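Residues per chain are reported as follows:
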Amino acid sequence: MADDKLTRGFLQRGFEETPLRGTAVTDPAVTVPIDVDRIVHSPSVSGRIRVSGYSYDTATGRLTLVTPPRSRDQWPATALRLSEKPRSER
């Protein structure tokens, strides 16, 4: 966690500091694709589910696509253009 106030709140609830510091998202361009990959390849998630990743700027309210939608069944992903509908919706 990159926010000290938020970290303090978790520490007060009994969480350990070292693992919390490891969850800091200081560069969404790096961390979001890693998180999407974890979800896409999780055995508890259907291979048909499409997962995408976004970054939200709390200062501007801007939502930015970081990782385009993909699923495990599409691996390696054949990226759809954002304006293109999936085959099932055509």
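Residues numbered from 1 in each chain as written. Predicted model: local features only at pLDDT ≥ 70, side-chain atom pairs only at ≥ 80, totals over all residues. Heavy atoms only, no water.

Participant: What exactly am I supposed to notice about a nonpolar patch on the surface here?
Facilitator: A cluster of nonpolar side chains, Tyr54, Tyr56 and Leu63, forms an exposed patch at the surface whose accessible area comes to about 360 Å². Following the sequence through the fold, Leu63 ends up in strand β2 (residues 63-70). (Patch = residues over 30% accessible without salt bridge, like charges linked within 9 Å, V, L, I, M, F, W, Y side chains within 5 Å. Areas by Shrake-Rupley, 256 points an atom, 1.4 Å probe, with all protein chains shown as cover. Salt bridge = Lys/Arg side-chain N within 4 Å of Asp/Glu carboxyl O. Helix = DSSP H or I, 4+ residues; strand = E, 2+ residues; numbered from the N terminus.)

Participant: Explain helix α3 (residues 28-40) here, please?
Facilitator: In a regular helix each residue adds 1.5 Å, so 13 residues correspond to 18 Å; α3 covers 18 Å between its end C-alpha atoms and thus fits that length. Looking at α3, one finds that the buried residues are Thr31, Val32, Val36 and Val40. Here the buried face of α3 lies against β1 (51-56) and β2. (Expected span 1.5 Å × (residues − 1). Buried < 20%, exposed > 50% of the residue type's maximum accessible area, 1.4 Å probe, protein only. Contact = heavy atoms within 4.5 Å.)

Participant: Explanation requested: the pattern of salt bridges in the structure shown.
Facilitator: Note on pairing: side chains with opposite charge can pair once their charged atoms come close. Applying the stated rule across the entire model yields 2 salt bridges. Taking the shortest distance from any N to any O, the salt bridge between Arg38 and Asp35 comes out at 3.6 Å. Pair noted here: Arg38 and Asp35 are both in helix α3, with a separation of 3 residues, about one helical turn. Note on Arg38: relative accessible area 59%, which makes it exposed. On the basis of relative accessibility, which here comes to 35%, the residue Asp35 falls in the partly exposed class. The residue Asp37 makes a salt bridge to Arg70 at a minimum N-O spacing of 3.2 Å.

Participant: How should I be thinking about the environment of His41 in this particular structure?
Facilitator: Inspection of the secondary structure assignment puts His41 in the loop between α3 and β1. Note on His41: relative accessible area 35%, which makes it partly exposed.

Scope: geometric values only; no functional claims are made or implied.
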